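What follows is each chain in one-letter form.
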Amino acid sequence: MMFHRLLLASCALLIFHTGCDDAEKKHQKKSANKESVSDATTSENVAEKKKEEIKAEESNPVGEESNSTDGEAAPKPNKAEEKAAGEKAGGGEADKVAATFADGSSLSQADVFKRIKMLPGSVQGLPFSQLYNLVLFVMIQEKLACMMAKNSGFDKQEATLKKLQDLRDNILQQSYLDQEGKKKITKDSIEAQYASLTKDFKPEDELGLKHILVKTKEEAEGIIKKVNAGESFKDLQQKLSLDRKTLEKEGFLGYFRKAQLPKENEADIMATHEGQVVGSPISTPKTGYSVLVVTEKRKSTPKPLKEVEDRIKSILMKRFALQKVDELFKEYKVVMYDPSGAVIPHKELEERLEEVRRKKKGVAPEENDIEKEKKLDKLTENFVVARIGEKRSVTFQQISEFIKENPSTFSGLPPYEIYTTAIDEYLNRYFLKEAVKMSDVAKKPEVKKKMKESEFLWISHEFLEQEAETRITAARVKSEYEDFISKQDKDEIEARLKVIPVKSVEEGTKVINEIKGGKNFDKAMEEYCSDQRFRDQNGEMGYLKKSQMTLLSSELAEKVMKAPKATILLTPIEVNAQILVVRVEDKRTVELPTLQQSREGIKRRLKPKVMVEVTVEWIQKNKVQAFGFNGVPLDLKEENLEKTLGSQMRTQA
């Protein structure tokens, strides 16, 4: 999995960025994803991580998966492309050259095909030839970055060596747990776990659904009329649907329970008879509108054991990891101490899992925890936080350094929980290292191979990032900022909106008339709001620019921009298949961000672009020659990259 995530991170470097966004919050998620990639290369506590994962998996008793088709396999070549590429390359033959380097080394087509097969369904929309070129570029990028890193001595630096050791430790620990866990997972244990997870299963009504995806509501309404007039849904689906993933399944999406349906459409969908088309289009954000047909109505049943066996094995493996750590705690006679010197009782597995549930629900710290937090600041470096048997102890200084080295592990926890969690994790890692030393896992060829591949990927990615960072100068950041500001409308207006989702246009008109007659907007919200999400936020949509409103509804944008502030729009507006009563709370001139406010965001957005620039420079310096899967030379000059690799380079890290 780490190998896959690093590969995806490398692919993400190829996204072309233009302009800069003044809304800094939009980039926080991307930043968080980026940090998670970096964290994956450090020595995570495998067992501790599994505490959170196991509850997520066990909360789904029959192993039901999302009905989304996003997780399908990576695209295969179409028949013409497959013939041109040749099945031999896909089968692992290494005689067809994909790229050559100045030092005489090369990459084969088989290498590229192997990597493509490891990609997830998120790249499914790319044509195969474009995907091949993109993956080849990433592999060239990795190889060159690793070569340059070694030439510069980066791989011998103290910080690098420590990170690599952490990486090896993590792989060895995971491999050890996998190896030992497999010995414990028997046919009987799998069947027992399946019985436990399904014993409380309660059947629910569920529907089988097919769809035709089109761009506009008008197109969808036209299709509904045609189906109701007797035209073949299958024929229309094959001709018109934009959803490539379900084309071969005649648009079949899967089976859905009421809770899985869009809240605003669930009544219409549930009321539709088998074989009938749902009477109104379903808005699908960012993709268009779906015409739905109900193929079947039935009671839900647990998935057969055969279908969920791998997920059950995953649950059992994670439980084994936690149990193994519990055993090691007892074997090594561990005693942990709170800041007052009192012994912290060791908690059994179920108790620790309950703690995970509490943390996820945001339960406030207990009063005695708050009192203990006050003593943390008074602890000396030599204060003993834990004893391992009679000979070894762990000091507060060691734990403090451990927390600094692994900040993401403890983010969001209150101080006392950071203290206790850090001790727990520090000891977990210590025990697993000791267990690994006593096992033969480090000698296994497959583990050695995994470590070698992971080290290669980490060095190449980390060095490329650092090289790019050195080239993002203050002058370049300022230039990017000035270019962005020059393109902005200095007098652009944004409006703060509050809305009440209602059941129909008629009800919306009624609500508007009542508000115009003196009814309080918030009172109307309580009485008529049909969407709990908006009720929870009191109808607030926040400040929106005209361009943002236009994406939701051109009618909304037009009417809001014409309306004075502190007024209600005179007619309901349809937005994403919802009928909204809209009040314009306020209007103001958009405040553009300062250079200081934008600096870090600009750096983040520049980095992928600069990484590509660095790669192209290295390609030229090392006289790299690359070839498409059909043997045609590829032009990897920067000005031609977008044409070679494709303009829609998107992947999710």
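Residues numbered from 1 in each chain as written. Predicted model: local features only at pLDDT ≥ 70, side-chain atom pairs only at ≥ 80, totals over all residues. Heavy atoms only, no water.

### Some remarks on unusual backbone geometry
Its identity as a non-glycine residue notwithstanding, alanine 566 has a phi of 65°, on the positive side. For alanine 566, the location among the structural elements is in the loop between α25 (554-562) and β13 (567-568). Given a relative accessible area of 44%, alanine 566 falls into the partly exposed group. Unlike most non-glycine residues, lysine 623 shows phi in positive territory, near 50°. (Helix = DSSP H or I, 4+ residues; strand = E, 2+ residues; numbered from the N terminus. Buried < 20%, exposed > 50% of the residue type's maximum accessible area, 1.4 Å probe, protein only.)

### What about the packing of aromatic side chains?
Throughout the structure, instances matching the rule amount to 16 aromatic pairs. On the numbers, 5.7 Å between centres and 65° between planes, the contact of tyrosine 430 with phenylalanine 431 is edge-to-face. An aromatic cluster is built from Phe113, Phe128, Tyr132 and Phe629, whose rings are joined through pairwise contacts. The side chain of arginine 298 reaches across the aromatic face of tyrosine 255, ending 3.4 Å from its centre. A cation over an aromatic ring shows up here: arginine 588 above the ring of tyrosine 543, its NZ or CZ 3.5 Å from the ring centre. (Phe/Tyr/Trp six-rings, centres within 6.5 Å; stacked < 30°, edge-to-face > 60°. Lys NZ or Arg CZ within 6 Å of the ring centre and 35° of its normal.)

### So, the sheet that holds strand β3 (residues 205-214)
Strand order in the open sheet formed by 4 strands is β4-β3-β6-β5, with antiparallel pairing between adjacent strands. What marks the edges here is a single partner per strand, and that holds for β4 (252-257) and β5 (282-284). Each strand axis lies, on average, 40° off the axis of its neighbour in the sheet, ignoring direction. Of the pairings in the sheet, the one linking β3 to strand β6 (residues 288-299) comprises 10 bridges and is antiparallel in character. Across the sheet, residue lysine 210 finds its bridge partner in β6, namely valine 293. (Pairing = 2+ DSSP bridges. Axes fitted to C-alpha atoms, helices over the stretch in contact; angles between N-to-C directions.)

### Remarks on the sheet that holds strand β9 (residues 384-388)
Pairing is antiparallel in the open sheet, where 4 strands are placed in the order β8-β7-β9-β10. Sheet topology places β8 (343-344) and β10 (392-395) at the edges, where each strand pairs with a single neighbour. Pairing of strand β7 (residues 334-337) with β9 involves 3 bridges; the strand directions are antiparallel. Of the residues in β9, the one forming a bridge with methionine 336 is alanine 386.

### A few points about the pattern of salt bridges
All told, the structure shown has 34 salt bridges when counted by the stated rule. Close ionic contact of glutamate 206 with arginine 298 constitutes a salt bridge, the shortest N to O distance being 2.6 Å. Taken together, the residues span a long stretch of sequence, with glutamate 206 in strand β3 and arginine 298 in strand β6 at a distance of 92 residues. In this structure glutamate 206 comes out as buried when scored by relative accessible area, which is 6%. For arginine 298, a relative accessible area of 32% translates into the label partly exposed. (Salt bridge = Lys/Arg side-chain N within 4 Å of Asp/Glu carboxyl O.)

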